[in-house]
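The primary structure of each chain is shown beneath.
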Amino acid sequence: MEYVNPLTGLRIDGRRPTEMRHLKGQIGVVSKADGSALFEMGNTRVIAAVYGPRQVQNKAQQMNNNEALVRCEYSMANFSTGDRARKPKGDRRSTEISLVIRQTMEACILTKLMPRSQIDIFVQVLQADGGTRSACINAATLALADAGIPMRDIVTSCSAGYLCTTPLLDLNYAEDSAGGPDVTVGILAKMDKVTLLQMDAKLPLDTFETVMQLAIEGCKAIAQYIREIILQNTKQLECRRGS
Amino acid sequence: MVGMVIERDSVGEEGDDVVTPGEFLGKATDFIAGKGAYVSPNGRSVRACLTGRRKVTAPPPGSNDNRSTIEIVGHKAHGAVPQPGSIVIARVTKVMARNASADIMCVDSKAVKEKFSGIIRQQDVRATEIDKVDMYQSFRPGDIVRALVLSLGDARAYYLSTAKNELGVVSAHSISGGTMVPISWTEMQCPLTGQIEQRKVAKVD
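Residues numbered from 1 in each chain as written. Chains lettered and ligands numbered in written order. Predicted model: local features only at pLDDT ≥ 70, side-chain atom pairs only at ≥ 80, totals over all residues. Heavy atoms only, no water.

Rules: UniProt positions are given in the numbering used here, feature names are shortened, and annotations may be inferred rather than shown by experiment.
Labelled according to an unreviewed UniProt entry, chain B appears under the name Exosome complex component CSL4, originating from Rhynchospora breviuscula. Word for word, the UniProt comment on chain B under Subcellular location (unreviewed entry) is "Nucleus, Nucleolus".

Within an unreviewed UniProt entry, the label attached to chain A reads Exosome complex component RRP41 homolog, and the organism entered is Rhynchospora breviuscula. Regarding chain A, the relevant UniProt record gives this comment under Sequence similarities (unreviewed entry): "Belongs to the RNase PH family."

Right under this line is the structure:
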């Protein structure tokens, strides 16, 4: 199957190889949560809710008294994929992605400022079309910024792959299930540091460098967009408050 | 390859000072990082860690350091947290032989987002004759009390005190269900049945 048309150079959904899907972000969608966000990357739609900092509920989980405990739960809604028969959480993939998101966000939250407290991040996939991991991290960043939790920097994530000898940015589900390599990168945008790097399948080293660089550029573009959303939200809140 | 910190972001992009996490605020040699800002790992720049407006405060007079403090004022109001010395309104949940447990609901006239646990010990109920205090004649479960936070207490609860005239039970229900009226600093009366019950009553003006 030709994922990149040899004549036009376009992909199956009409994008160019280095073009990302349409992004859309919204803050404050869950009123009960301290911070929440809805993030869309093309057809992938994800909602994140953050509760915290609050009192630790399970003392047994509290490892370190000097830092906040960060908990994360990733689940997919039953209706998010093509066939409905899916166990929403507790299966291996969900546990792995919960761990990945938790480690990524923990690296960027200033946990030492909130000892003996707990921050809960809940992410749920409403519509899955490839790149759910990245969309979840981006939504979690927006939700944490909405909750006012101190962070080192904005964490953004994007995936890239390599099909038909072309590096492709932001794979959708069809391209992801093609069997080619899928590199997911998470970076701290302004500080230019990598917090997440995952890949399945194999790639020669120089190709890997190209694909990773492409993913990093995608992350920076998302960071730009996320920053605009956060600024717009703050201005709107100030306007409503009358200042 | 990916270790360079970009320090050339212009301070005050777009002409206003709303900042997002990670933005460069100033050099560490010119500013001290206040609330909402932090010093980057290489120790040379101060960056924001919250979303909000930048606020620069002059250095306090008489200090050796003449760097200004830069702070970020966030837009979300966080819930109140009890501090030692603050007056709280709490609802009594359990009364035992030597102490009473209460759930703190308001701190200094601001309601809390999530309730905190407080404990009133026998010696903190009143100022006089503290060893002869009968907890059951001072509080009952369901009473609303005004108390003073003594300290952060142990891991389970804040330590509260009602050992002042204006502290103690402000509202209580009698056994029959009516809201009682205070008649002295140790007694309250039910308006439905006329029955008198013992409480440590607060003197409300």
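## Here's the deal with the interface of chain A and chain B
The test is simple: Throughout, a contact is declared for two residues whenever any of their heavy atoms are within 4.5 Å. Buried area is a sum: the accessible area each of two parts loses on coming together, probed at 1.4 Å, counted once for each and added. A carboxyl oxygen of Asp or Glu within 4 Å of a side-chain nitrogen of Lys or Arg is what we treat as a salt bridge. Distance and chemistry together define a polar contact, namely a pair of N or O atoms within 3.5 Å, with one atom able to donate a hydrogen and the other to accept it when in protein, and with adjacent residues in sequence counting only for side-chain atoms on both sides. By definition, any uninterrupted DSSP run of H or I lasting at least four residues is a helix, any uninterrupted run of E lasting at least two residues is a strand, and each is numbered from the N terminus. In this classification, the charged set is Asp, Glu, Lys and Arg, the nonpolar set is Ala, Val, Leu, Ile, Met, Phe, Trp, Tyr, Cys and Pro, and all remaining amino acids, among them Gly, are polar.
Facing the 32 residues of chain A at the interface are 29 residues of chain B. Both faces considered, chain A and chain B share a buried interface measuring about 2,700 Å² in area, 52% of it formed by carbon and sulfur atoms. If you sort the residues of chain A by the area they bury against chain B, Lys190, Met191 and Arg227 of chain A come out on top, with a joint share of 21%. The interface formed by chain A and chain B includes three salt bridges. Note that Glu238 of chain A and Arg53 of chain B form a salt bridge whose closest N and O atoms lie 2.8 Å from each other. Linking chain A to chain B there are six residue pairs in polar contact (both at pLDDT 80 or more). If you list the elements that add at least two residues to the side of chain A that touches chain B, you get helix 2 (132–147), strand 9 (193–200) and helix 4 (205–241) of chain A. The biggest single contributor to the side of chain A that touches chain B is helix 4 of chain A, with 12 residues. Taken together, the residues of the side of chain A that touches chain B break down into 13 nonpolar, five polar and 14 charged.

## Some points on the sheet that holds strand 15 (residues 187–189) of chain B
Residues and elements named next belong to chain B. As a reminder, the rule being used: DSSP calls a pair of strands paired once it identifies at least 2 bridges connecting them.
The antiparallel open sheet is built from three strands, whose spatial order is 14-15-16. The open sheet terminates on both sides in strands that have one partner only, identified here as strand 14 (181–182) and strand 16 (196–198). Pairing analysis gives three bridges linking strand 15 to strand 16, with the strands arranged antiparallel. Paired with Glu187 across the strands is Gln198, a residue of strand 16.

## Notes on the sheet that holds strand 6 (residues 52–57) of chain B
Residues and elements named next belong to chain B. An order of 1-6-7-3 is seen for the four strands of this open sheet, with the pairing classed as mixed. Where the open sheet ends on each side, the last strands, each with one partner, are strand 1 (18–19) and strand 3 (31–33). For strand 3 and strand 7 (residues 68–74), the ladder comprises three bridges, and the chain directions are parallel. Bridging across to strand 7, Phe31 finds its partner in Ser68.

## Things to note about the packing of aromatic side chains
This is how it is decided: Pairing of aromatic side chains requires ring centres within 6.5 Å, counting the rings of Phe and Tyr and the six-membered ring of Trp. Pairs whose planes differ by under 30 degrees are stacked, by over 60 edge-to-face, and all others tilted. With a 1.4 Å probe rolled over the protein chains alone, any residue whose accessible area is under 20% of its type maximum counts as buried; one over 50% counts as exposed, and the rest are partly exposed.
Here the structure, examined in full by the defined rule, presents two aromatic pairs over all chains. Each ring, one from Tyr51 of chain A and one from Phe122 of chain A, has its centre 5.9 Å from the other, and the planes form 70°; the classification is edge-to-face. Here Phe122 of chain A lies in strand 5 (residues 117–127) and Tyr51 of chain A lies in strand 3 (residues 44–55), a separation of 71 residues in the sequence. Classification of Tyr51 of chain A as buried rests on a relative accessible area of 17%. Under the relative-accessibility criterion, Phe122 of chain A is labelled partly exposed at 29%. Between the aromatic rings of Phe116 of chain B and Tyr158 of chain B, the centroid separation amounts to 5.9 Å while the plane-to-plane angle is 85°, which identifies the pairing as edge-to-face.

## Here we look at helix 2 of chain A
Residue and element names in this part refer to chain A. Stated precisely, the cut-off is as follows: Expected span of a helix, by definition, is 1.5 Å for each gap between consecutive residues, and there is one gap fewer than residues.
For helix 2, built from 16 residues, the straight-helix expectation of 22 Å at 1.5 Å per residue is met to within 8% by its first-to-last C-alpha distance of 22 Å. Among the 16 residues in helix 2, 16 count as buried, and that is most of the element. Taken from the residues just after helix 2, Gly148 is the one with a positive phi, measuring 75°.

## Notes on the domain arrangement of chain B
Condition: Note: domain ranges come from an automatic or database domain assignment.
Each domain of chain B was delimited in the assignment, giving domain 1 (2–74) and domain 2 (87–198). Each of domain 1 of chain B and domain 2 of chain B was reduced to a C-alpha centroid, and the two centroids are 46 Å apart.

## Some thoughts on the side chain of Gln118 of chain A
All names here are of chain A. Relative to the assigned elements, Gln118 resides in strand 5. A residue is classified by how much of its surface remains accessible, and Gln118, at 1% relative accessible area, is buried. A distance of 3.1 Å separates a polar atom in the side chain of Gln118 from the backbone nitrogen of Gln57. When near neighbours in sequence (up to four residues on either side) are disregarded, Gln118 contacts Tyr51, Gly52, Pro53, Arg54, Gln55, Val56, Gln57, Asn58, Leu69 and Arg71.

## So, the nonpolar core
Applied cut-off: Residues enter a nonpolar core if they are buried and are Ala, Val, Leu, Ile, Met, Phe, Trp, Tyr or Cys, with the set joined through side-chain atoms within 4.5 Å.
The biggest cluster of nonpolar side chains holds 63 residues, and the ones touching the most others in it are Ile101, Met105, Ile121 and Leu144 of chain A. Setting aside its immediate chain neighbours within four residues, Met105 of chain A contacts Ile121, Ile137, Ala140, Thr141, Leu144 and Val155 of chain A. Counting residues in hydrophobic clusters, the runner-up holds 27 residues, among them Phe116, Ile120, Val149 and Tyr158 of chain B.

## Some details on helix 4 of chain A
Along its 37 residues, helix 4 of chain A runs 53 Å from first to last C-alpha, staying within 8% of the 54 Å computed at 1.5 Å per residue. After helix 4 of chain A finishes, the residue Gly242 of chain A shows a positive phi value of roughly 85°.

## A word on the pattern of salt bridges
Residues and elements named next belong to chain A. One pass over the full model with this rule turns up 24 salt bridges over all chains. A salt bridge links Arg16 to Glu19, with the nearest nitrogen and oxygen atoms 3.6 Å apart. Residues Arg21 and Asp129 are paired through a salt bridge, measuring 3.9 Å at the closest nitrogen-oxygen approach. Taken together, the residues span a long stretch of sequence, with Arg21 in the segment before strand 1 (23–27) and Asp129 in the loop between strand 5 and helix 2 at a distance of 108 residues. Given a relative accessible area of 7%, Arg21 falls into the buried group. Given the relative accessible area of 18%, Asp129 is considered buried.

## A look at the environment of Asn99 of chain B
Residues and elements named next belong to chain B. Along the chain, Asn99 falls in strand 9 (residues 99–107). Each C-alpha atom of the pair Asn99 and Ile120 lies 5.5 Å from the other, and the pair is 21 residues apart in sequence. Once residues lying within four places of it in the same chain are set aside, the contact partners of Asn99 are Ile119, Ile120, Arg121, Gln122 and Met135.

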